[in-house]
Amino acid sequence: ELYQKVIDVPGVICEFGVQWGATLSTLINLRGMLEPFNHSRVIYGFDTFEGFVQVDEKDGGYSARGDYSTGGSHYQRLEEILQIQESFSPLAHIKKFELIKGDASETVLEWLNRNPHAIVALAILDMDVYKPTKDVLQAILPRLTKGSILVFDEVNCSHFPGETQAVAEVLGLSELRLHRFPHQPFCAWAVFGE
């Protein structure tokens with residue numbers, strides 16, 4: 001449903017907080033089905049693959065450094081899986097996804113510098129904790145357009161209060177019209193500029 005909302009919005013898709021890659025995999029499949037020839041719709045996945053780099057006091061004491069680590073060689077394995085998936089879509093000779101390993105607080109700035117053309121059509125924020133969520137939101141704000149979709153995976157979640165606080169500080173909760181799905185208790189989304 002969210003992918004369909006950005007079909008007419010130019011730009012890339014960024015998922016911040018990939019972990020095992022289930023959402024990235026789904027996004028690549030949806031792109032292949034819904035806009036198979038749009039090779040400008042590059043999908044970027046940001047993750048440390050080593051869990052939380054740091055935890056702030058605003059995270060409420062529920063999280064610890066290293067939580068949600070995928071361990072070992074998952075980064076390489078996920079790269080291979082996504083490449084295989086992409087090979088089944090049209091224009092398979094053009095790589096249309098990239099995994100970006102590291103702390104998103106830092107890697108998002110490097111990514112923005114390397115991609116001055118990139119408009120963020122869909123940003124999925126699933127980092128759970130305060131600092132990277134705040135840093136990423138501040139960094140991508142100038143790359144959003146009216147109609148970009150922002151997805152917050154743990155907003156209004158008592159176990160991850162830092163995500164809501166980051167959204168409130170950067171965007172202002174009273175400035176957003178948050179939407180939700182009936183089967184997702186904490187995930188919410190907003191159309192930027194709405």
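Residues numbered from 1 in each chain as written. Predicted model: local features only at pLDDT ≥ 70, side-chain atom pairs only at ≥ 80, totals over all residues. Heavy atoms only, no water.

Visitor: What is the right way to read the overall build of the chain from this model?
Guide: Each helix and strand in the chain was counted, giving six helices and seven strands. Order of helices (α) and strands (β) in the chain, N terminus to C terminus: α-β-α-β-α-β-α-β-α-β-α-β-β. For the chain, whose C-alpha radius of gyration is 16 Å, the value lies close to the compact-globule estimate of 16 Å for 194 residues. Along the first, second and third principal axes, the C-alpha atoms of the chain reach 45 × 40 × 35 Å. Residue pairs in contact within the chain that sit at least 24 positions apart in sequence constitute 73% of those at least 6 positions apart. Summing over all exposed atoms, the chain offers an accessible surface of approximately 9400 Å²; the carbon and sulfur share of this is 53%. If the 16 positive side-chain charges of the chain are averaged to one point and the 26 negative ones to another, these points end up 5 Å apart. (Helix = DSSP H or I, 4+ residues; strand = E, 2+ residues; numbered from the N terminus. Rg over C-alpha atoms; globule rule 2.2 N^0.38 Å. Contact = heavy atoms within 4.5 Å. Areas by Shrake-Rupley, 256 points an atom, 1.4 Å probe, with all protein chains shown as cover. Lys, Arg positive; Asp, Glu negative; His and termini not counted. Charge placed at Lys NZ, Arg CZ, Asp CG, Glu CD.)

Visitor: Just checking my understanding: could you explain the pairing of strand β5 (residues 144-152) for this structure?
Guide: Looking down a regular strand, the side chains alternate between one sheet face and the other. In terms of burial, β5 is largely enclosed, as seven of its nine residues are buried. Here strand β4 (residues 120-125) runs beside β5; their pairing, made up of five bridges, is parallel. By the bridge assignment for β5, A123 is matched with L150. Considered for its hand, the β-α-β crossover made up of β4, helix α5 (residues 130-140) and β5 is right-handed. Here β5 runs beside strand β7 (residues 188-191); their pairing, made up of four bridges, is antiparallel. Looking at the pairing, I149 lines up with V191 of β7. (Buried < 20%, exposed > 50% of the residue type's maximum accessible area, 1.4 Å probe, protein only. Pairing = 2+ DSSP bridges. Right-handed = clockwise from strand over helix to strand, strands pointing away.)

Visitor: I'm lost on the packing of α5 against helix α6 (residues 161-170) in this one. Help?
Guide: Pairs of packed helices are described in terms of their axes, by the angle between the two and the distance that separates them. Across the interface, α5 lies against α6 with an axial gap of 8 Å and an inter-helix angle of 30°. Relative to α6, the element α5 is oriented roughly parallel. Where α5 crosses over α6, the handedness of that crossing is right-handed. On α6, the residues touching Y130, T133, K134, L137 and Q138 of α5 are G162, E163, Q165, A166, V167, E169 and V170. (Axes fitted to C-alpha atoms, helices over the stretch in contact; angles between N-to-C directions. Parallel < 35°, antiparallel > 145°, perpendicular 65-115°, else oblique. Left-handed = near helix turned anticlockwise from the far one by under 90°.)

Visitor: Please explain the nonpolar core as it appears in this structure.
Guide: What tends to happen in soluble globular proteins is that the nonpolar side chains get buried as a cluster. If you look at the biggest cluster of nonpolar residues, it comprises 30 residues, and the most contacted ones within it are F16, F46, W111, L125 and F152. Breaking this core down by element, the ones donating at least two residues are β1 (12-16), β2 (43-47), α4 (104-114), β4, α5, β5, α6 and β7. Excluding residues that lie within four positions of it along the chain, F16 makes contacts with F46, A104, V108, A123, I124, L125, D126, M127, V136 and I140. Counting residues in hydrophobic clusters, the runner-up holds 23 residues, among them Y3, V6, I43 and A121. (Core = buried A, V, L, I, M, F, W, Y, C linked by side-chain atoms within 4.5 Å.)

Visitor: Honestly, the packing of aromatic side chains in this entry has me stumped. Any pointers?
Guide: Each aromatic ring pair is characterised by the separation of its centres together with the angle its planes make. Overall, the coordinates contain five aromatic pairs when judged by the stated rule. Consider the rings of F49 and Y75, whose centres lie 5.3 Å apart with planes at 70°: the pair is edge-to-face. Of this pair, F49 sits in the loop between β2 and α3 (74-86) while Y75 sits in helix α3, and the two are 26 residues apart along the sequence. When the ring centre of F97 is taken as reference, the NZ or CZ atom of K95 above it lies at 4.7 Å. A cation over an aromatic ring shows up here: K101 above the ring of Y75, its NZ or CZ 5.4 Å from the ring centre. (Phe/Tyr/Trp six-rings, centres within 6.5 Å; stacked < 30°, edge-to-face > 60°. Lys NZ or Arg CZ within 6 Å of the ring centre and 35° of its normal.)

Visitor: Quick question: what am I supposed to make of a nonpolar patch on the surface here?
Guide: On the surface, a cluster of nonpolar side chains totalling about 270 Å² of accessible area is made up of I7, M33 and L34. Mapped onto the secondary structure, M33 falls in helix α2 (residues 22-34). (Patch = residues over 30% accessible without salt bridge, like charges linked within 9 Å, V, L, I, M, F, W, Y side chains within 5 Å. Salt bridge = Lys/Arg side-chain N within 4 Å of Asp/Glu carboxyl O.)

Visitor: Would you mind showing me how to read α4 here?
Guide: Residue pairs spaced three or four apart in an α-helix point in one direction, given the helix's 3.6 residues per turn. Within the sequence span of α4, burial applies to A104, S105, T107, V108, W111 and L112. Next to the buried residues of α4 lie β1, β2, β3 (97-101), β4 and α5.

Functional significance is not addressed by these values, which are geometric in nature.
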